[in-house]
Amino acid sequence: MFYLPTRVLFGTDALKKSKDHIKAMGTKALIVTGKAGAALSGALEETCTMLDTHGIKWKLFDQITENPVLEMIISGKESFLQERCDFIIGIGGGSPIDAAKAISLAAANDLDIDTIYEANRFKQAYPIIAIPTTSGTGTEVTQYSVLTDASQKKKAGFGSELIFPRLAICDPRYTLSLPENVTLNTGIDALSHLLEGIYSNKREPLLYPMIHSGIGSILRYLPTALKDPQDLFAREELMRASLYGGMTIAQAGTTLQHSIGYPLTSLFGIPHGLANGIVMRDMMELYQSAIEPELQSLFSYLGIRRQDFYAWLDELLPQTRVPLDGTVIDTRVPEVMSSRNMASNPFPVSEDQVRALYHKLRERQ
Ligand code: NAP
Ligand code: FE
């Protein structure tokens, strides 16, 4: 099955082409961003100019940090309601766009910190426009939002079809300003999503051509964009791959490949994509027995061997210190086991297998 209720505009004129759709959304928007990324990308200024030109009012809420915490969502909800907005525009990487999705739900269903994850309360949402400025999460075309509960140092996602953005405006120019580390980490996140489209027990062969093409683009053009950040063609390839990754996880969900990395981010601040990357090889090896034919057809499409893929990863990923110890591992394994991603693994993965993966990572330090 493939279901996507998001209208996607892609290319350097995406915002221009979206004007009638934006006008149909309402008369006042809350624009949700981080402190700097949306402005640096040029997307914020272009969006505000477009809204002004068409007489649409807007209020900027630029309080979202990386790995948004629940308190930020509630403060965004208050701003949305106080300003009497009727739609929401998330501009940035996954953090501001996921926050925009959660703010929409919180405002429409009067959620607070204690009820934000309670899916049975999600009855409606305000329309969401997503304008990505990273090529990683694919959140512009997913029904997911990933938030952090700072009180428990716990990162967890939720999904609701209500928060599929109405409109995704994907302009690769907005990623030209990305620093090298964010380009790398987000590219690896997109790669995880595409691979998980093969790993997941909800894998959909209809998507394989898209998955293969996306992975091919990342292998070829991520090193190019790292070398020459201003290469618009490479940036376009990466943004398309990220979009394909989002379309993929919207159908197949993410797996342990994602949830095993969440504690590495919430405890040690390792960026999301990098956290996926440092366990990527172990995850492929864990799953391989269940997905051998799919992996074979992927590598035959790419024209490389699995060892070449591992070598590509080793060359790209920086040495990362992960200060895991036995106690940390024991306390975090139950959190991983209870994550919603575990339902999508290609076979049931045991607590012992998760623990073994963390110990393997620790031994490599
Ligand atoms: P991010 O946390 O949104 O942004 C990372 C950094 O890049 C921030 O410092 C940001 O600055 C900066 N930045 C963003 N765009 C920029 C640009 N064009 N130029 C210069 N700097 C820029 O990173 P992300 O990897 O895109 O998102 C990660 C989050 O998404 C995680 O919480 C992850 O769990 C989540 N995620 C969600 C989904 C989903 O389907 N919903 C899927 C995968 C991951 P500012 O802080 O100033 O904006
Ligand atoms: Fe991700």
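You'll find the structure just up there.
Residues numbered from 1 in each chain as written. Chains lettered and ligands numbered in written order. Predicted model: local features only at pLDDT ≥ 70, side-chain atom pairs only at ≥ 80, totals over all residues. Heavy atoms only, no water.

Draft legend 1. How the structure looks around the state of the cysteines. For the structure on display, the rule yields 0 disulfides. The thiol of cysteine 85 is unpaired, and the distance to the nearest cysteine sulfur, on cysteine 48, comes to 13 Å. A disulfide-free cysteine, cysteine 170 has its sulfur positioned 18 Å from the sulfur of cysteine 48, the nearest such atom. A relative accessible area of 0% means that cysteine 170 is categorised as buried. (Disulfide = S-S within 2.5 Å. Buried < 20%, exposed > 50% of the residue type's maximum accessible area, 1.4 Å probe, protein only.)

Draft legend 2. Seen up close, the site of ligand 1. Around ligand 1, a shell composed of 30 residues is seen, among which Ala36, Gly94, Ser95, Thr133 and Thr134 lie nearest. In the environment of ligand 1, an oxygen atom lies 2.8 Å from a nitrogen or oxygen atom belonging to the side chain of threonine 142. At a separation of 2.9 Å, a nitrogen atom of ligand 1 approaches a polar backbone atom of tyrosine 174. Isolated, ligand 1 exposes 940 Å² of accessible area, and the fraction of that covered by the protein chains is 91%. Residue assignment for the shell around ligand 1 shows that the elements contributing at least two residues are helix 3 (37–41), helix 6 (94–109), strand 6 (144–149) and helix 7 (180–199). (Near = heavy atom within 4 Å. Polar contact = N/O pair within 3.5 Å; in protein donor to acceptor, adjacent residues only side chain to side chain. Areas by Shrake-Rupley, 256 points an atom, 1.4 Å probe, with all protein chains shown as cover. Helix = DSSP H or I, 4+ residues; strand = E, 2+ residues; numbered from the N terminus.)

Draft legend 3. Just the coordination of the iron ion (ligand 2), in detail. Every protein donor of the iron ion (ligand 2) is listed here as Asp189 (OD), His193 (NE2), His258 (NE2) and His272 (NE2), and their distances to the metal cover 2.1 to 2.3 Å. Because the angles between the 4 donor atoms bound to the iron ion (ligand 2) fall within 81 to 164 degrees, the donor set is best described as irregular. In primary-sequence terms, the residues that donate to the iron ion (ligand 2) follow D-x3-H-x64-H-x13-H. In this pair, histidine 193 sits in helix 7 while histidine 258 sits in helix 10 (residues 256–259), placing the two residues 65 residues apart along the sequence. Across the pair, histidine 258 and histidine 193 agree in class, each one buried. (Donors = N, O, S within 2.8 Å, 3.2 Å for Na, K, Ca; no water. Tetrahedral: all angles 85-135°; square planar, octahedral: opposite > 155°, others 65-115°.)

Draft legend 4. Structural view of the pattern of salt bridges. Under the criterion given, the structure shown has 20 salt bridges. Notably, a salt bridge pairs lysine 35 with aspartate 62, separated by 3.2 Å at the nearest N-O pair. You can see lysine 35 sitting in the loop between strand 2 (28–32) and helix 3 and its partner aspartate 62 sitting in the loop between strand 3 (57–61) and helix 5 (70–82), a full 27 residues away along the chain. Accessibility expressed as a relative area gives 60% for lysine 35, which makes it exposed. Taking the shortest distance from any N to any O, the salt bridge between aspartate 308 and arginine 305 comes out at 2.9 Å. Overall, the relative accessible area of 54% leaves arginine 305 in the exposed class. (Salt bridge = Lys/Arg side-chain N within 4 Å of Asp/Glu carboxyl O.)

Draft legend 5. Summary view of the pairing of strand 5 (residues 128–132). Summarising burial for strand 5: 5 of the 5 residues are buried, a large majority. Neither face of strand 5 is open: one carries Ile128, Ala130 and Pro132, the other Ile129 and Ile131, and all of them are buried. Pairing of strand 4 (residues 87–92) with strand 5, which is carried by 5 bridges, proceeds in the parallel orientation. Bridge assignment links isoleucine 89 to a residue of strand 5, and that residue is isoleucine 129. In this view, the connection linking strand 4 to its parallel neighbour strand 5 by way of helix 6 has right-handed handedness. In terms of strand pairing, strand 5 meets strand 8 (residues 167–170) through 2 bridges, oriented parallel. Paired with alanine 130 across the strands is alanine 168, a residue of strand 8. (Pairing = 2+ DSSP bridges. Right-handed = clockwise from strand over helix to strand, strands pointing away.)

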